[in-house]
Amino acid sequence: MGGNLKFVQGNEACVEGALYAGLDFFAGYPITPSTEIAELLASRLPKTGAKFIQMEDEIASICALIGASLTGCKVMTATSGPGFSLIQEGLGYAIMAEIPCVIVNVQRGGPSTGIPTRVHQGDVNQARWGTHGDHAIVALTASNHQDVFAMTVEAFNIAETYRTPVVLLFDEVIGHMRERLVLPEHGEIAMVERLKTSVKEGVDYHPYLPREDGRLPMSDFGGVHRYNVTGLYHDMWGFPSDDSDVVDGLLRHLMDKIENQAAHFPKYREFYTEDADCLFISYGSAARSARHVVERRRRLGERFGLLELQTLWPFPHDIVKEKTAGARYIVVVEMNTGQICQSVRLAVSRPERVFLANRIDGVLITPTDIQRVIRLIYGKGF
Amino acid sequence: MPKRRLKELCINKEWCKGCGICIEFCPKGVLELDTQDKAVPVRNEDCVVCRLCEMLCPDLAIDIVEEEEAE
Amino acid sequence: MPVKDYIRERFFPHIWCSGCGHGTVLNVLIRVIERLGLNKSDIVIVSGIGCSSRIAGYLDFHTMHTLHGRALAFATGIKLNRPELNVIVPMGDGDALAIGGNHFIHAARRNIDITAIVMNNRIYGMTGGQYSPLSGYGIFASTAPYSSVDQSFDVAELAAAAGATFVARSTTYHVNEAAQMIQKAILHKGFSVVEIMSQCPTYFGRKNRQGDAVDMLKYMRDTTTPIGSGAKGQNPELIERGVFVNKELPEYCSAYDEVIRHAMEGR
């Protein structure tokens, strides 16, 4: 890997990833522990002629993002739990109107104001179910800065491919920790650019009629095609409809493009999963401690392994089922009361073998914390 | 300048909801409601082409077509 | 006058009630756009939620029907990235000043070149006649069955205080004046607010014994007066119409272009 070596915070790695992906517009509101993303972009974006705006709140931020995306921009906002709650309304709009956008949530402790400067992974289910109504969502995460960069680029690629919002669920430890980041050369990571319609001026353009491959070519606001965008159920021209076939068809399309198409290639990492007797499933900063335990146990000849999830939603059921098939014990390591653990139990063939190793006090879960759970499972001597 | 005069006062009856605003505020009393509660011009010759009805109409149902009076 | 060139005719007749002032605002807006000779593809209409918001779907421009109260935030994202477009935001009074009040004052503060048209009928129509922040004290509504004890905002004063650089008020009775105000607002470089006092005969009129649409227009005729008229001196209760604010301040998109220039120069 060529390029430029940097020593940065995770939030900066996210900024670098977004700029690499071609970010044109950022709208946000200050909130710990994501603020560095806004600060850095306020400085970096105008240097390339791109734009930054600090809105009056996170509601306005997501709305400005959607408007900007419709003019052809690649867009992103960054927030944390309380701001993410405010974003849910606009997130639903972006799902319904099929607007590409990236929403970063650097997670802190909740509920409510919670513990702003400390780590939690409590927004996993908010990312999945936070906005109202039946819907599907893509949420990605990362445990190190190289992956923060890669997942940020991936988020833009998924957003553009499927015309959908994508949530990046980082956490406070990842956001604020410093470690090395190698900036890839331009062209080293494949980019998905916006698919623009080839329909000529004066010819009927259908902003909401998927092509055979499922993609919906867009036309920028201000371009030759004048169409309507709404949060209501709508026909292929974007006009409101309460026709039951239209409603049914649109919701199925919105679910299908994420649950079936985008879910085809879940992102994950695996360490010694093939023969693991005890398999950890973890993500984000918690996965760092889980990996530490695995490496140590392997040196002792014990069959521990780690499945590190990078795609959290749509939940990678098939991967979890496949990788856990041979394991006697499955331990989900996360910093909440078991949000991913629930989904793992639904995916595995023997849910009674799934255990939770967690920490919810705002402190990064340590290898010792995980060892304690292993000892409970395997008994004394471990 | 040649004087303008009404050529046609078109009311789109499909769109007119019969609120009566055009009838009430026409300075010349050109319009009335018909038996189906739709506006209808009845005194076209009195129209001074002020276009107030056209602009006030909440239903966008009025179209004033004017012509220049022959010298 | 070819109104039909500017509308999506297949959606007519529109959904608004008989005598609804929102139709008149739509009518006036179309005539202003025709008068200005604007290209249809250079106009973006962004609306929120409520009766007022339906205006977007009827117009053959780039149109966006957004979330309740949030239209100005969506519009800000559009305008900042395509400053050459004319961005017009028709809003209801509850939309603009209750749920959207924060976005309203901040758009005004930024002085971004957007035209906000507040169609003030002093009620929530689409949900069935609840009182709005512009209903005012002593008004009856479905959620104020014993009359409202809420005071109202003055849209013009609020917009001016928040920093809007063009602020005007007219009514759906004074259509030619309303057209002038909207025309000036669209041409103004900066955030402009035009309050159009409008009638909801179905809910506001009926609940407050103001009669039908015709009676409500007469009421607006009789209870308003041009700014600075002698009538206001005689009767301070009269509501003033006209241009309250018209000043030049740095417009947001242009100001941000300066930011870009500085950043590119490495300052």
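Up top is the structure.
Quick summary incoming for the structure in this document. (Residues numbered from 1 in each chain as written. Chains lettered and ligands numbered in written order. Predicted model: local features only at pLDDT ≥ 70, side-chain atom pairs only at ≥ 80, totals over all residues. Heavy atoms only, no water.)

**Structural notes on the arrangement of the chains**
Our working rule: The contact criterion used is simple: two residues touch if any of their non-hydrogen atoms lie within 4.5 Å.
The pair of protein chains exhibiting the most contacts, out of two pairs of chains in contact, is chains A and C. The smallest C-alpha distance separating chain A from chain B is 20 Å, and no contact links them.

**Section: the side chain of Ser41(C)**
Heads up, the condition is: Under the DSSP-based scheme used, a helix requires at least four consecutive residues in state H or I and a strand at least two consecutive residues in state E, with every element numbered from the N terminus. Burial classes: relative accessible area under 20% of the type maximum marks a residue as buried, over 50% as exposed, and values in between as partly exposed (1.4 Å probe, protein chains only). For this analysis, a polar contact is any N or O atom pair within 3.5 Å, provided that within protein one partner can donate a hydrogen and the other can accept it, and provided that sequence-adjacent residues contribute only side-chain to side-chain pairs.
For Ser41(C), the position within the fold is in the loop between α1 (21-36) and β1 (43-47). What makes Ser41(C) buried here is its relative accessible area of 10%. Side chain to side chain, Ser41(C) and Arg226(A) meet in a polar contact 2.8 Å long. When near neighbours in sequence (up to four residues on either side) are disregarded, Ser41(C) contacts Gly222(A), Gly223(A), Val224(A), Arg226(A), His62(C) and Leu85(C).

**Some thoughts on the interface of chain C and chain A**
Our working definition: Once two parts are brought into contact, the accessible area they lose, counted with a 1.4 Å probe and summed over both, makes up the buried area. When a carboxyl oxygen of Asp or Glu lies within 4 Å of a side-chain nitrogen of Lys or Arg, that pair is called a salt bridge.
Contact residues are listed per partner, giving 38 residues for chain C and 40 residues for chain A. Summed over both sides, the interface between chain C and chain A buries roughly 3300 Å², with carbon and sulfur atoms accounting for 60% of that surface. For the pair chain C and chain A, the number of links is three salt bridges. A salt bridge links Arg110(C) to Glu56(A), with the shortest nitrogen-to-oxygen separation between them at 2.6 Å. Summed over the shared surface of chain C and chain A, the result is 18 residue pairs in polar contact (both at pLDDT 80 or more).

**Side note on the pattern of salt bridges**
If you walk through the whole model with that rule in mind, you get 44 salt bridges over all chains. The partner of Glu179(A) in a salt bridge is Arg288(A), with the nearest N and O atoms 2.9 Å apart. Here Glu179(A) is found in strand β8 (residues 178-183), whereas its partner Arg288(A) is found in helix α9 (residues 286-299), with 109 residues between them in sequence. Note that Arg226(A) and Asp60(C) form a salt bridge whose closest N and O atoms lie 3.1 Å from each other. Of this pair, Arg226(A) sits in the loop between β8 and β9 (228-230) while Asp60(C) sits in the loop between α2 (55-58) and β2 (62-65), which puts the two residues in different chains. Note on Arg226(A): relative accessible area 27%, which makes it partly exposed. Residues participating in the shared-partner salt-bridge network are Arg4(B), Arg51(B), Glu54(B), Glu66(B) and Arg31(C).

**Overview of the sheet that holds strand β5 (residues 101-107) of chain A**
The strands making up a sheet associate through backbone hydrogen bonding, with each pair oriented either parallel or antiparallel. Residue and element names in this part refer to chain A. The line we're drawing: Two strands pair under a simple rule: DSSP has to find at least two bridges between them. Helix axes are fitted to C-alpha atoms over the stretch in contact, other axes to C-alpha atoms as well, and angles between N-to-C directions run from 0 to 180 degrees.
Spatial strand order, β3-β2-β4-β5-β7-β6-β13: seven strands in an open sheet with mixed pairing. One side of each edge strand has no neighbouring strand; the edge strands of this open sheet are β3 (51-54) and β13 (311-313). For this sheet, the mean angle separating the axes of adjacent strands, direction not counted, is 20°. Inspection of the sheet shows strand β6 (residues 138-140) paired to strand β7 (residues 165-171) by three bridges, in the parallel sense. Within the sheet, the bridge partner assigned to valine 138 lies in β7 and is valine 166.

**Section: the packing of aromatic side chains**
Rules: Here a pair means two rings of Phe, Tyr or Trp (six-membered ring of Trp) with centres within 6.5 Å. Their orientation is stacked below 30 degrees between planes, edge-to-face above 60, and tilted elsewhere. Any Lys NZ or Arg CZ that is within 6 Å of a ring centre and within 35 degrees of that ring's normal is treated as a charge sitting over the ring.
For the structure shown, the criterion picks out 17 aromatic pairs over all chains. Look at Phe26(A) and Phe52(A): their rings are 5.7 Å apart centre to centre, the planes differ by 5°, and that puts the pair in the stacked class. Remark: Phe52(A) occurs in strand β3 and Phe26(A) occurs in strand β2 (residues 25-28); sequence separation between them is 26 residues. A ring pair is formed by Tyr205(A) and Tyr227(A), whose centres lie 5.5 Å apart and whose planes are at 75°; its orientation type is edge-to-face. Here Tyr227(A) lies in the loop between β8 and β9 and Tyr205(A) lies in the loop between β8 and β9, a separation of 22 residues in the sequence. The buried category is assigned to Tyr227(A), whose relative accessible area is 3%. Pairwise contacts between aromatic rings join Phe280(A), Phe304(A), Tyr329(A), Phe355(A) and Tyr378(A) into one cluster. Directly above the ring of Trp129(A) sits Arg128(A), whose terminal nitrogen or CZ lies 3.7 Å from the centroid. Positioned over the ring face of Trp15(B) is Lys4(C), at 5.2 Å from the centre of the ring.

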